[in-house]
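# Overview (structure and organization)
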Amino acid sequence: MQIRNVKILGTGKYLPRRQVTSEEIDRMLGVPAGWTLNKSDVRVRHFAAEETSSQMGALAAEAALRDAGLTFADIDCLVCTSGTMEQPIPSTAALIQEAMKQGESGVPAFDVNCTCLSFLVGLDLLSYLVHAGRYRRVLLVSTEIASAGLNWEQKESAALFGDGAAAVVIGRAGAGDSAKIIGSVIETYSRGAHLSEIRGGGTRLHASRHTEETAADYLFDMDGSAIYRMASKLLPGFVSRLLNPLGMRISDLRLVVPHQGSAMAMRLMRRKLGIADEQLMYITPEHGNTIAASLPMGLHEAIRQGRIVRGDRVMLLGTSAGLSIGGMVLEY
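For clarity, every value in this text was computed on a predicted model and none was experimentally measured.

What follows concerns the pattern of salt bridges. Throughout the structure, instances matching the rule amount to 17 salt bridges. The salt bridge partner of aspartate 124 is arginine 4, with a shortest N-O separation of 2.7 Å. Here aspartate 124 is found in helix 5 (residues 118-132), whereas its partner arginine 4 is found in the segment before strand 1 (6-14), with 120 residues between them in sequence. In this structure aspartate 124 comes out as buried when scored by relative accessible area, which is 12%. Accessibility expressed as a relative area gives 0% for arginine 4, which makes it buried. Arginine 304 serves as the salt-bridge partner of glutamate 301, at 2.7 Å between the closest nitrogen and oxygen. Placement of both glutamate 301 and arginine 304 in helix 10 (residues 294-304) is noted, with a separation of three residues, approximately one turn of the helix. Since its relative accessible area comes to 4%, glutamate 301 is described here as buried. For arginine 304, a relative accessible area of 56% translates into the label exposed. Several salt bridges share partner residues, and in doing so they unite Glu197, Arg199, Asp217 and Asp221 into one network.

Here we take up the sheet that holds strand 12 (residues 313-320). Spatial ordering of the open sheet is given by 8-13-12-11, a layout of four strands whose pairing is mixed. Whereas interior strands pair on both sides, the edge strands pair on one side only; in this sheet they are strand 8 (180-188) and strand 11 (255-258). On average, each strand axis in the sheet is inclined to that of its neighbour by 15°, with strand direction left out of account. Relative to strand 13 (residues 324-331), strand 8 is paired through eight bridges, and the arrangement is antiparallel. Bridged to glutamate 187 within strand 13 is isoleucine 325. Sheet strands in contact with helix 5 are strand 8, strand 12 and strand 13, and its direction is about 125° off that of strand 8.

The next subject is the side chain of serine 184. Looking at the secondary structure, you find serine 184 in strand 8. At 3.1 Å, the side chain of serine 184 and the side chain of arginine 4 are in polar contact. In this view, serine 184 contacts Gln2, Arg4, Asp124, Leu242, Gly327 and Met328; residues no more than four positions away in its chain are not counted.

For helix 1 (residues 22-29), the complete set of buried residues consists of Ser22, Ile25, Asp26 and Leu29. Looking straight down helix 1, one finds that the buried residues subtend no more than 110° of arc, so they occupy a single side. As for helix 1, its buried residues are in contact with strand 2 (18-21), helix 2 (35-40), strand 3 (44-47) and helix 6 (155-158). Among the residues trailing helix 1, glycine 30 stands out with phi positive, at a value near 70°.

Now for the environment of isoleucine 275. Residue position: isoleucine 275 is located in the loop between helix 8 (263-273) and helix 9 (284-287). The spacing of isoleucine 275 and glycine 106 is 169 residues in sequence and 44 Å in space, taken between C-alpha atoms.

Turning our eyes to something else, we now look at empty space enclosed by the protein. As enumerated under the stated definition, the model contains one cavity of 30 Å³ or more in all. Here the largest cavity is characterised by a volume of approximately 50 Å³. Taken together, Val6, Ile8, Leu123, Ile170, Lys180, Ile181, Leu330, Glu331 and Tyr332 form the lining of the largest cavity. At the level of elements, strand 1, strand 8 and strand 13 are the ones that each hand at least two residues to the lining of the largest cavity. Classifying every residue of the lining of the largest cavity gives seven nonpolar, no polar and two charged.

It is worth spelling out the packing of helix 3 (residues 53-68) against helix 4 (residues 92-99) at this point. Between helix 3 and helix 4, whose axes approach to 8 Å, the crossing angle comes to 65°. Here helix 3 and helix 4 pass one another in a crossing that is right-handed. Where helix 3 abuts helix 4, its residues Ser54, Gln55, Gly57 and Ala58 lie against Leu95, Ile96 and Ala99.

In this section: helix 3. Since the α-helix advances by 3.6 residues per turn, residues separated by three or four positions end up pointing in the same direction. Look at helix 3: 22 Å from first C-alpha to last across 16 residues, which is about the 22 Å you get at 1.5 Å a residue. Among the residues of helix 3, Ser53, Ser54, Met56, Gly57, Ala58, Ala60, Ala61, Ala63, Ala64 and Leu65 are the ones counted as buried. Elements in contact with the buried residues of helix 3: strand 1, helix 4, strand 6 (137-144) and strand 7 (164-172). Glycine 69 lies just past helix 3 and shows a positive phi near 70°.

By secondary structure assignment, the location of serine 82 is in the loop between strand 4 (77-80) and helix 4. With a relative accessible area of 5%, serine 82 lands in the buried category. Among all residues touching serine 82, those that are not within four sequence positions of it are Val112, Asn113, Thr115, Ser118, Val141, Ser142, Thr143, Glu144 and Ala292.

Within the secondary structure, glycine 288 is located in the loop between helix 9 and helix 10. Sequence spacing of glycine 288 and valine 44 is 244 residues, and the spatial spacing of their C-alpha atoms is 7.3 Å.

Cut-offs applied
- Residues numbered from 1 in each chain as written.
- Predicted model: local features only at pLDDT ≥ 70, side-chain atom pairs only at ≥ 80, totals over all residues.
- Heavy atoms only, no water.
- Salt bridge = Lys/Arg side-chain N within 4 Å of Asp/Glu carboxyl O.
- Helix = DSSP H or I, 4+ residues; strand = E, 2+ residues; numbered from the N terminus.
- Buried < 20%, exposed > 50% of the residue type's maximum accessible area, 1.4 Å probe, protein only.
- Pairing = 2+ DSSP bridges.
- Axes fitted to C-alpha atoms, helices over the stretch in contact; angles between N-to-C directions.
- Contact = heavy atoms within 4.5 Å.
- Polar contact = N/O pair within 3.5 Å; in protein donor to acceptor, adjacent residues only side chain to side chain.
- Arc of directions from axis to C-beta.
- 1 Å grid on protein atoms, 1.4 Å probe; cavity = no way out; pocket = protein on both sides within 12 Å on 5 of 7 lines; lining within 4 Å.
- Points joined across faces, edges and corners; volume = space filled by probe spheres on them.
- Nonpolar A, V, L, I, M, F, W, Y, C, P; charged D, E, K, R; others polar.
- Left-handed = near helix turned anticlockwise from the far one by under 90°.
- Expected span 1.5 Å × (residues − 1).

Scope: geometric values only; no functional claims are made or implied.
In structure tokens:
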């Protein structure tokens, strides 16, 4: 079964109060003025100061509930779809529920993690449960503090990222409602598993073994050029495997909302897939790469800016560490 009668009921986002310009990043990295903007196309990103991931997620979730005209009492399940975690145990979803002051609600809360594709994977999984009637309404929350784990010695990747949270409420579409998820594909090519990683912090390299010599293993490590080359080869075939069974082409889509990985990744998508400028939802310059939050954040901005209206067909598309590729076509 591909088609799921599931509707996006509301969206919300939260950005930390602290704004960090490309000029500030130039100074932090010790590079010439203009280097960061030229490399990343990120004019400003937000870094968390006092905010925690769960607090940011709670604020985005509350905004999404308001947008949907609902309260937490209308929610059957809370899923955190993030690539980073606030702490190893418990799940970040449980901490978001606590931050929303719903600690006595009993609403199930758990995490789904596929790094940058966590939102898409979570939406894919939970949409089947909503369609089947297991849950009436689900709150999906992506909340990311990328700035905590950046390796400032890796200048090109450090220049890309920002912090933030976004949330989406989904529910079963009504009898006369055209909203639905039309199809989705997720693929993983683990020959690229070590092109983007944080090696330390799990059971293989536990936090108790952190030393000055191993400090870099606890920070984000990415080979951006290798990921670009791998994605460049895989993306065209992947999109064909997503769209062809649906009898669709790129031109049939109102908008493509991509994971905002980098300006280079956006150029790759345009060129390889034939996406017109007006079809691409590009929010990187004002947000940076907010990991898993970038997809729901792009979707939220597309709705808020009027780039999509009810009945429009939209594709969510991106890559993540793994290396994974994910895509979904939905009718908003």
